[in-house]
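Reading the structure
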Amino acid sequence: MIETTSNATANDPAAKSVNEESSVESTPGSDDAASSAMPKEETTRGRMGNLKGVRIAGTGSYVPDRIVTNEDLAALGCDSDWIVRRTGILQRRHAEPDQATSDLCYEAALRCLENANVSVDEIDLILVATITPDHPTPSTACHLQRRLGAVAPAMDIGAACAGFMYALVTGAQFVSNGNARNVLVIGADLMSRTVDPDDKKTYPLFGDAAGAALLVPSTKDTCQSSECNDATNASEIPSDGLLAYQLGSEGCGGEMLCIPAGGSRDPIKSGSEPSVSSYLQMDGRGVFKWAVRVFDESAKDVLRAANVTSDQLGLVVLHQANQRIIDSAVSDLNVPPEKVFVNLDKYGNTSGASIPLALDEAARDGRLKEGDLLLLCGFGAGLAWGTALLRW
């Protein structure tokens with residue numbers, strides 16, 4: 001996502017309705033300095049919920065070896081300074097021609113299981129969030145299940161950049177309800193395969209990666225000590241689970257981020273050129289405005305539902321789409337930069353892999369401590385989003 005009208009669909013009526021709505025941005029008032037003030041009650045845009053008795057036992061990630069720098073893209077006519085100034089991206093990873101999404105999933109899964117000290121035969125469910133599957137069918141999750149040698153149901157979830165959040169909430173339902181003990185949730189995409197190399201303002205934005213998290217049961221009930229970030233109302237804050245989450249979609253803006261060709265609407269026929277583009281099309285400016293708005297609104301909804309204030313957060317991990325989106329979004333919550341994890345500069349926008357990749361790096365870098373309150377938010381094509389507050 002980037003503020004540009006390259007390949008824009010701004011003339012689309014549905015996209016316009018979202019753009020016009022999102023162009024009206026709130027101006028911070030004089031009382032916004034009090035970061036702990038709870039947002040006013042208002043109608044939420046997405047569906048709210050909470051899930052107890054579940055935690056993340058381990059994470060893992062994998063990125064291809066091939067590093068593509070901004071300077072490497074200069075040969076294609078891309079302006080390195082423009083990329084940094086508008087996005088914050090310095091480099092990204094591209095998969096080799098013989099690598100598919102399931103290959104990256106497999107490597108991330110192995111790292112995750114090792115980190116969680118869980119064996120393959122203990123996996124009860126495999127969920128893969130991706131929009132770049134190995135094949136239209138079978139699912140990438142089934143490819144992964146076969147390669148791992150797991151005896152577990154497996155399915156894909158397609159919600160683009162919000163995919164991992166949708167998969168995380170889905171997997172947490174199984175654990176919280178007592179229907180699974182070990183759910184492997186993976187976000188993975190090979191976005192380099194979806195963008196047009198001749199599109200100088202879109203091609204530099206995306207990279208390839210996979211990230212994984214293992215969801216398991218937790219027996220903790222409420223937070224009773226200093227582990228609760230010294231909250232004054234500590235005994236009222238659950239000590240585990242998704243303390244609050246919101247999933248939502250605004251399909252009226254679907255044309256703002258889409259790949260027109262390749263589905264049943266416009267199938268690609270053998271030996272002929274598609275009537276519409278088979279590359280990702282993006283109204284960057286409209287998506288930028290929408291992303292900032294949807295994070296601000298959904299984050300406040302989630303914090304309010306959990307009775308948590310922004311100053312109690314240990315870490316914020318957003319979809320790594322654009323540094324300017326991240327900066328603008330978190331400033332509205334008065335969250336200091338040191339509490340916001342960013343690896344966009346190294347990997348670019350990796351779509352469904354973005355959040356679990358950042359989550360794994362944050363854990364390995366020591367940025368997450370047991371008991372920390374963690375705010376996650378994914379947003380993108382659909383238009384769809386998922387925001388969740390959980391305790392590490």
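Residues numbered from 1 in each chain as written. Predicted model: local features only at pLDDT ≥ 70, side-chain atom pairs only at ≥ 80, totals over all residues. Heavy atoms only, no water.

1. Considerations on the side chain of T130
Relative to the elements of secondary structure, T130 occurs in the loop between strand 5 (125-129) and helix 5 (140-148). Only 3.0 Å separates the side chain of T130 from the backbone nitrogen of T132, close enough to count as a polar contact. Among the polar contacts made by the side chain of T130, one reaches the main-chain carbonyl oxygen of A188 at a distance of 2.7 Å. Dropping the residues within four chain positions of it, T130 is found in contact with T101, T140, D156, I157, G158, A188 and D189. (Helix = DSSP H or I, 4+ residues; strand = E, 2+ residues; numbered from the N terminus. Polar contact = N/O pair within 3.5 Å; in protein donor to acceptor, adjacent residues only side chain to side chain. Contact = heavy atoms within 4.5 Å.)

2. What to know about the packing of aromatic side chains
With the rule as written, the count across this model stands at 1 aromatic pair. Between W290 and W385, the aromatic rings sit 6.2 Å apart at their centres with planes inclined by 65°, giving edge-to-face as the arrangement. Of this pair, W290 sits in helix 7 (residues 284-306) while W385 sits in strand 14 (residues 384-391), placing them 95 residues apart in sequence. With relative accessibility at 1%, the residue W385 sits in the buried group. Over the ring of Y106 we find R147, and its NZ or CZ is 4.1 Å from the ring centre. (Phe/Tyr/Trp six-rings, centres within 6.5 Å; stacked < 30°, edge-to-face > 60°. Buried < 20%, exposed > 50% of the residue type's maximum accessible area, 1.4 Å probe, protein only. Lys NZ or Arg CZ within 6 Å of the ring centre and 35° of its normal.)

3. Concerning the UniProt feature "active site" (unreviewed entry) in the chain
The UniProt entry lists C161, H319 and N349 under the feature "active site" (unreviewed entry), expressed in the numbering used here. For the residues just named, distributed over 189 residues, the greatest C-alpha separation is only 8.8 Å, placing them together at one site. If you trace the backbone, C161 turns up in the loop between strand 6 (154-157) and helix 6 (163-176). Look at C161 and you get buried, because its relative accessible area is 8%. Sequence-distant contacts of C161, that is, excluding residues within four places in its chain, are made with H319, N349, S351, G352, G378, F379 and G380. One can find N349 in the loop between helix 9 (344-347) and helix 10 (354-364). (UniProt positions renumbered as here; feature names shortened; annotations may be inferred.)

4. Quick word on the pairing of strand 14
The buried fraction of strand 14 amounts to 8 of the 8 residues, a majority that puts the element mostly inside the structure. The side-chain alternation of strand 14 yields two buried faces, one formed by A384, G386, A388 and L390 and the other by W385, T387, L389 and R391. One ladder, built from 7 bridges, connects strand 9 (residues 242-249) with strand 14; its direction is antiparallel. Each residue of the ladder has a partner; that of Y245, found in strand 14, is A388. Connecting strand 13 (residues 373-380) to the next strand, strand 14, in antiparallel fashion are 3 residues, including G382 with a positive phi near 145°. (Pairing = 2+ DSSP bridges.)

5. Things to note about the pattern of salt bridges
Under the defined criterion, the tally for this structure stands at 9 salt bridges. Note that E250 is salt-bridged to R293, the shortest N-O span being 3.0 Å. With E250 in the loop between strand 9 and strand 10 (257-258) and R293 in helix 7, this residue pair connects regions lying 43 residues apart in the sequence. Neither E250 nor R293 differs from the other in exposure class; each is buried. Overlapping salt bridges bring together E250, R293 and E297 as one network. (Salt bridge = Lys/Arg side-chain N within 4 Å of Asp/Glu carboxyl O.)

6. Some remarks on unusual backbone geometry
Here the amide bond leading from T137 into P138 is cis, since omega sits at 5°, within 30 degrees of zero. Position of P138 relative to the elements: it lies in the loop between strand 5 and helix 5. Look at the link from G382 to L383: it is a cis peptide, with omega at -15°. With respect to the secondary-structure elements, L383 resides in the loop between strand 13 and strand 14.

7. Let's talk about the packing of helix 4 (residues 101-116) against helix 5
To characterise two packed helices, one gives the angle between the axes of the helices and the distance between these axes. Taken N-terminus to C-terminus, the directions of helix 4 and helix 5 make an angle of 50°; their axes are 9 Å apart at the nearest point. Between helix 4 and helix 5, the angle falls in the class oblique. Between helix 4 and helix 5 lies a crossing whose hand is right-handed. Across from T101, S102, D103, C105, Y106, A109 and L110 in helix 4, the residues of helix 5 making contact are T140, H143, L144, R147 and L148. For the contact of helix 4 with helix 5, the residue count by class is 6 nonpolar, 4 polar and 2 charged. (Axes fitted to C-alpha atoms, helices over the stretch in contact; angles between N-to-C directions. Parallel < 35°, antiparallel > 145°, perpendicular 65-115°, else oblique. Left-handed = near helix turned anticlockwise from the far one by under 90°. Nonpolar A, V, L, I, M, F, W, Y, C, P; charged D, E, K, R; others polar.)

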